[in-house]
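Results of the structural survey
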Amino acid sequence: MTKSSVLGYPRIGADREWKKALEAFWAGKLEEKDFRDQLKEIRLQHLKKQQEKGIAIIPVNDFSYYDHILDTAAMFGIVPKRFAYDGGAVPLALYYGIARGTKEAAASEMTKWFNTNYHYIVPELDGANPTLTENKPLLAYREAKEALSIEGKPVIVGPLTFLKLSKGYAASEIDAWLSRLLPLYVQVLQELEQEGVRWVQIDEPICVKGLDEGDLARLRSIYETFAAAAPKLKIMLQTYFESVEQYQALIGLPVDGIGLDFVHGLKTNLAALQQYGFPANKTLGAGVIDGRGIWKADAKEKLALLQEISKYVSSEQLIVQSSCSLLHVPVTTAREAKLPVELKAALAFADEKLDEIVLLTRALVEGEAAVADQLKACEEELKSLRQSPSRNRSEVQQAVAAIAGKQPVRQSPFAKRYEAQEKKWQLPILPTTTIGSFPQSAEVRKARQLWRKGEWSNERYEGFVREQIGIWIKLQEEIGIDVLVHGEFERTDMVEFFGEKLAGFAFTQFGWVQSYGSRCVKPPIIYGDVAFEEAMTVEETKYAASLTNKPVKGMLTGPITIMNWSFVRDDLPREQIAYQLSYALRQEVEALEAAGIPMIQVDEPAVREGLPLKESEQAEYLEWAVKAFRLTTCTVQDTTQIHTHMCYCEFHDMIDSIEAMDADVISIETSRSHGELIQSFEDRGYKLGIGLGVYDIHSPRVPQVEEMTSMINRALRVLDPKLFWINPDCGLKTRGLEETVASLRNMVEATRIARGEYSNVASHN
Ligand code: GLN
Ligand code: ZN
């Protein structure tokens, strides 16, 4: 009989109680025993919920004290060698030390989990001596059984994925590491088998990236080893986030089940199933409910899909499940009281997804008639959102179609714009600027809170923001910066601020998702056609400009970043949503220009985050991402200088796309990419204005003048001084006032020294 399952459940709790417990423990406000008890309670509550909803195969060991990759490393005693550790179970203090750093040792690197906004702790193998310190999956299994009589499905990160995500070894050493880890995995699995565990889910999402011959052979040997060592244990080899590249090889592995993503990898996975069939002795985990999207599934459509899948597997062979862990969606829509009715009814967060999975399973087992009412209700709810005016702004749709139909280009090519802008501004060589935000002090945050609560009137709050702008315009002038900014004091974060002012967005009250460790984000929802309603940044920018004779740069967040940091509707291609955002933001760009703001920065720090996992799809994404930026910025006059900014990631392999954005100036983070970016400029040059961040704003220390001069010199060996700008590597909102002023003074001093050296060079060019 067909069963239901999920791949993992959010850890944070409906009220972020998990986050609160972690932070209380870190702050010393919670004893370790009480902390562990609290986490256990949260964990059991989550299991109970799945049990009550009727999920048949419930995952255990998906819970974590921080991150599941860190858990896996700790379970195998893999601790970076800069920490004091001599074997045995990893104590909590050390566990959190690896994640967050200690006085003595820096934290481990943190990286995006595939193409999600979840970040994991990168294991460092160098110097490690792997042993099994505790069988965590077994403990989780026992706990669920004892407390709730649940026959849990332990979830384990597979060896190939674990190794591929780790660092601290040479590519040629991978087999040596595999042979050290395999016996430990075997021991884990054998103990699970002895305990009587039925299903274990081994996550190998690395399979969707495409494996070369070597990795394929490794995969085969891993799962042959497991099958021989624990023959009674049923292994579900789980993939997600995309279609698998080597379907035939995968279904030939000696495992009991294969889990496939039939949402994000739908077309290819389904085509493979149709073409090659599915082995009769294996179970298919059909991931039909989107584990990362927030939308209610079209139950009829999903049933049709399951019926299609059922042509290739018997009902006994089928498990209906989520496409990936529900870690990536908020907990429940139940408490959302402020969303438009038609929107709320069309959303499904983790708990609602459990219901969907159970419903689909019931429909298969008992027949569609048994759930006819629910199917009908679902259809109505989806229809009501589809027909809502917010999704049918025909003026927006027509305007977007019209502008996207043409290639967006500026009036003149860069050389001509450069000349016009130079003549107009007569900036010194190596002009200095900042990225946008200045410190959001406790005072600033407090003021916003009071205003949001209604305790401060609009006038009072606006007056306060103006005061801050005034203080910082003065400071920037005094420090000697050439291109000023207003400081972004009116913004909480760079997406929410715009989302609240544009039509088509909604904000949940409790829609939090874990981003890394205890840090959670609450992404806006783009649910309707995006539309510009009124100028969003003009007042503050104009006010700042009125206080100084120096140019003030307007500051916007770009279409791709807004999209990548939001949950977006799934009835339109992402490309179309991006163009709608471009069209709305273009109107803001034009409003700034009309208000006399001569330089406008459109930030795109998150372009890289949207890059598809499959290499074959990346070029297409980059093409429309670049186009979206150009659509936003192309209508301004030649003398209006368009800036952009990027950070957070490595960009050295996408400079062609960055150049194609055709921004007059880009400021880009280099301090953490270890010179790889400069290296690539050496190889190919860069023809537009560029500022490489000369210091790392993420560190609380004040950088010395010499550090920055050497950074500048290094960059100017490969970049043209006439096109080079000097700036920090990101916004300064998280920094304190004094360190910021001191750092910027040093930056201006470093610039003065560099100008002495390079003004000659430039005038002779
Ligand atoms: N303009 C934004 C700021 O300075 C850019 C932030 C970012 O790159 N994440 O805060
Ligand atoms: Zn940045």
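Residues numbered from 1 in each chain as written. Chains lettered and ligands numbered in written order. Predicted model: local features only at pLDDT ≥ 70, side-chain atom pairs only at ≥ 80, totals over all residues. Heavy atoms only, no water.

A separate point is the site of ligand 1. Taken together, 13 residues sit near ligand 1, with Ser437, Glu488, Asp603, His645 and Gly731 positioned nearest. Within the side chain of His645, an N or O atom sits 3.0 Å from an oxygen atom of ligand 1. Out of a free accessible area of 290 Å², ligand 1 has 97% covered by protein chains. Grouping the amino acids of the shell around ligand 1 by side-chain chemistry returns seven nonpolar, four polar and two charged. (Near = heavy atom within 4 Å. Polar contact = N/O pair within 3.5 Å; in protein donor to acceptor, adjacent residues only side chain to side chain. Areas by Shrake-Rupley, 256 points an atom, 1.4 Å probe, with all protein chains shown as cover. Nonpolar A, V, L, I, M, F, W, Y, C, P; charged D, E, K, R; others polar.)

This part is about the pattern of salt bridges. Applying the stated criterion to the full structure yields 40 salt bridges. Taking the shortest distance from any N to any O, the salt bridge between Arg335 and Asp15 comes out at 3.3 Å. You can see Arg335 sitting in the loop between β10 (318-322) and α12 (341-344) and its partner Asp15 sitting in the loop between β1 (3-5) and α1 (17-26), a full 320 residues away along the chain. You can call Asp15 partly exposed: its relative accessible area is 38%. Measuring nitrogen to oxygen at the nearest pair gives 3.4 Å for the salt bridge that ties Arg391 to Asp571. Taken together, the residues Arg391 in the loop between α14 (372-386) and α15 (394-404) and Asp571 in the loop between β16 (567-568) and α22 (574-594) connect sequence positions 180 residues apart. Residue Arg391 is classed as buried on the basis of its relative accessible area of 8%. (Salt bridge = Lys/Arg side-chain N within 4 Å of Asp/Glu carboxyl O. Helix = DSSP H or I, 4+ residues; strand = E, 2+ residues; numbered from the N terminus. Buried < 20%, exposed > 50% of the residue type's maximum accessible area, 1.4 Å probe, protein only.)

The next subject is unusual backbone geometry. With a phi close to 45°, Gln426 is a non-glycine residue in the positive phi region. Within the fold, Gln426 resides in the loop between α16 (414-425) and α17 (442-452). In this structure, Glu488 is a non-glycine residue whose phi angle is positive, near 60°. Relative to the helices and strands, Glu488 is located in the loop between α18 (458-479) and α19 (496-501).

Moving on to the side chain of Glu308. Residue placement: Glu308 occurs in helix α11 (residues 299-309). Within the local environment of Glu308, its side chain forms a polar contact with the side chain of Lys311, the two groups lying 2.6 Å apart. With near-sequence residues (within four places) excluded, Glu308 lies in contact with Leu270 and Gln274. (Contact = heavy atoms within 4.5 Å.)

Looking now at the sheet that holds strand β17 (residues 599-603). The six strands lie next to each other as β15-β17-β18-β19-β20-β21, forming an open sheet whose pairing is parallel. Bordering the open sheet on either side are β15 (553-557) and β21 (724-725), each of which pairs with just one other strand. Where strand β18 (residues 641-646) meets strand β19 (residues 665-668), four bridges bridge the pair, whose relative direction is parallel. Paired with His645 across the two strands is Ser667, which belongs to β19. (Pairing = 2+ DSSP bridges.)

Bound to the zinc ion (ligand 2) are the protein donor atoms His645 (NE2), Cys647 (SG) and Cys730 (SG), situated 2.0 to 2.2 Å from the metal. Taken together, the four donor atoms surrounding the zinc ion (ligand 2) define angles of 93 to 128° at the centre, an arrangement classified as tetrahedral. Coordination of the zinc ion (ligand 2) draws on donor residues from a single chain, spaced H-x1-C-x82-C in sequence. A residue pair is termed long-range when its members are at least 10 positions apart, and Cys647 in the loop between β18 and α24 (655-660) and Cys730 in the loop between β21 and α27 (737-764) qualify at 83 residues. The pair formed by Cys647 and Cys730 is uniform in burial state, with each residue classed as buried. (Donors = N, O, S within 2.8 Å, 3.2 Å for Na, K, Ca; no water. Tetrahedral: all angles 85-135°; square planar, octahedral: opposite > 155°, others 65-115°.)

Okay, the layout of surface pockets next. There is about 660 Å³ of room inside the second largest pocket. The set of elements that each furnish at least two residues to the lining of the second largest pocket consists of α2 (32-53), β2 (59-60), α3 (68-75), α4 (92-100) and α5 (136-148). The residue inventory of the lining of the second largest pocket, partitioned by class, reads 15 nonpolar, five polar and nine charged. (1 Å grid on protein atoms, 1.4 Å probe; cavity = no way out; pocket = protein on both sides within 12 Å on 5 of 7 lines; lining within 4 Å. Points joined across faces, edges and corners; volume = space filled by probe spheres on them.)

So, on to helix α13 (residues 350-366). Owing to its 3.6 residues per turn, the α-helix brings residues three or four apart onto one side. Across its 17 residues, α13 extends 24 Å between first and last C-alpha, which sits within 8% of the 24 Å expected from 1.5 Å per residue. Those residues of α13 not exposed but buried are Ala350, Asp351, Glu352, Lys353, Leu354, Glu356, Ile357, Val358, Leu359, Leu360, Thr361 and Ala363. Its buried side turned inward, α13 meets β1, α2, β9 (283-289), α11, β10 and α14. Backbone geometry just downstream of α13 places Gly367 in the positive-phi region, at approximately 95°. (Expected span 1.5 Å × (residues − 1).)

All quantities given are derived from atomic positions and should not be read as evidence of function.
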